[in-house]
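Observations on the model geometry
As a plain string of letters, each chain reads:
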Amino acid sequence: MLLYKLKYILLSLLILPMLSACSFNPMYGENSNSKYVMNNIYIDEAIDRNHQIVRNELIKYFENAGNQNNPLQLIFKVSINKNPLLVDSVGEAKRMQIEFKVDYSIFRVTDYKELVYSNSTNVFNTYTLSTSEYNNSRAEIKTFDLIAKETGSIIANQLSLNYLKLMD
């Protein structure tokens, strides 16, 4: 009798995990529905350089971002603020802070555009100012690129986490 119960327990321990695993779907990553939704988002063409660098980073996360026939459309606006930091007694700044604020919306495109999801993100970064204008311009460009990478990552993560709102 004890042997029968032991067999029953072992058999149930082997079968139950297999049965329960059949109903699970990953929420994030390669095999999730979020990847499907993210691949069906069209990103508008760039309107200026700042918009272009954020768009370029977003395209890395959306495979079909250039397909205008996608059922979802991402529209975003970039606002940039520059603030001098560490101002010395003469009034010259030693560092510059750049803030990217991106307001974005996802629309379902049918006969009309229906707002499905809307959010915004703020990303800050700084760079050191030097006496050379060339060095300052290179540092600013590099900082813009770093901020754009982080902004693209944040937006993609937020959309991936909220993909259920984007599904039909």
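Numbering of residues starts from 1 in each chain and follows the order in which that chain's sequence is written. Local features in a predicted model are, by the rule used here, given only for residues with pLDDT of at least 70; side-chain atom pairs are given and counted only at 80 or more, and totals for whole chains, interfaces and linings are based on all residues. With hydrogens and water excluded, all non-hydrogen atoms of the structure serve as input to the side-chain values.

1. Some thoughts on the overall build of the protein
Secondary structure elements follow DSSP: runs of H or I no shorter than four residues count as helices, runs of E no shorter than two count as strands, and numbering proceeds from the N terminus. Of regular secondary structure, the protein possesses 5 helices and 4 strands. Overall, the protein shows an N-to-C arrangement of helices and strands of α-α-β-α-β-β-β-α-α. Accessible area is worked out with a 1.4 Å probe on protein chains only. A residue is then buried under 20% of its type maximum, exposed over 50%, and partly exposed in between. The buried share among the 168 residues of the protein stands at 32%. Contacts: residue pairs with any heavy atoms within 4.5 Å of one another. In the protein, the share of contacts with a sequence separation of at least 24, taken over all contacts with a separation of at least 6, comes to 61%. Put simply, the protein shows about 11000 Å² of open surface, and 56% of that area lies on carbon and sulfur atoms. All accessible-area figures derive from a Shrake-Rupley calculation using a 1.4 Å probe, and residue coverage is judged against the displayed protein chains alone.

2. Quick notes on the environment of K113
Mapping K113 onto the fold places it in strand β4 (residues 113-128). Judged by its relative accessible area of 44%, K113 is partly exposed. Any pair of N or O atoms that falls within 3.5 Å is considered a polar contact. Within protein, one atom must be able to donate a hydrogen and the other to accept it, and sequence-neighbouring residues count only if both atoms are side-chain atoms. Within the local environment of K113, its side chain forms a polar contact with the side chain of Q73, the two groups lying 2.8 Å apart.

3. Overview of the pattern of salt bridges
Whenever Lys or Arg places a side-chain nitrogen within 4 Å of a carboxyl oxygen from Asp or Glu, that contact is recorded as a salt bridge. Tallied over the entire structure, the rule returns 4 salt bridges. The partner of R55 in a salt bridge is E45, and the shortest N-O contact between them spans 3.5 Å. Within this pair, whereas R55 is found in helix α3 (residues 49-59), its partner E45 is found in the loop between β1 (41-43) and α3, the two being separated by 10 residues in sequence.

4. Brief notes about the packing of α3 against helix α4 (residues 133-161)
Relative to each other, α3 and α4 sit at 50 degrees, their axes nearing to 8 Å. For the element pair α3 / α4, the angle class is oblique. Crossing of α3 against α4: the hand is right-handed. Residues R49, N50, I53, V54, E57 and L58 of α3 touch α4, and the partners they reach there are I141, F144, D145, A148, K149, T151, G152 and I155. Charged residues are taken to be Asp, Glu, Lys and Arg, nonpolar residues to be Ala, Val, Leu, Ile, Met, Phe, Trp, Tyr, Cys and Pro, and polar residues to be all remaining types, Gly included. Taken together, the residues that form the contact of α3 with α4 break down as 7 nonpolar, 3 polar and 4 charged. To obtain each axis, a line is fitted to C-alpha atoms, and for helices this fit is confined to the stretch in contact; angles are then taken between N-to-C directions over 0 to 180 degrees. Each angle gets one of four labels, with under 35 degrees taken as roughly parallel, over 145 as roughly antiparallel, 65 to 115 as roughly perpendicular, and the rest as oblique. Each crossing gets its handedness from the near helix: less than a right angle anticlockwise from the far helix is left-handed, clockwise is right-handed.

5. Digging into α3
Residues of α3 that are buried include every one of H51, I53, V54, R55, E57 and L58, and no others. Looking at the buried side of α3, the elements it contacts are β1, β2 (72-87), β3 (93-109) and α4.

6. Things to note about the nonpolar core
Buried together is how nonpolar side chains tend to be arranged in soluble globular proteins. Take the buried Ala, Val, Leu, Ile, Met, Phe, Trp, Tyr and Cys residues and link them wherever side-chain atoms come within 4.5 Å; each set so joined is a nonpolar core. Core analysis: the largest hydrophobic core is formed by 27 residues, its most contacted members being L58, F62, L74, F76, F100 and L159. Those elements that provide at least two residues to this core are β1, α3, β2, β3, β4 and α4. Counting residues per element, this core draws most heavily on α4, at 7 residues. In contact with F100, not counting residues within four places along its chain, are I53, V54, V78, S79, I80, T121, N122, V123, F144, I147 and T151.

7. Topic: the environment of N56
Looking at the element boundaries, N56 is found in helix α3. Assessed through its relative accessible area of 35%, N56 is described here as partly exposed. As a C-alpha pair, N56 and G152 span 96 residues in sequence and 8.5 Å in three-dimensional space.

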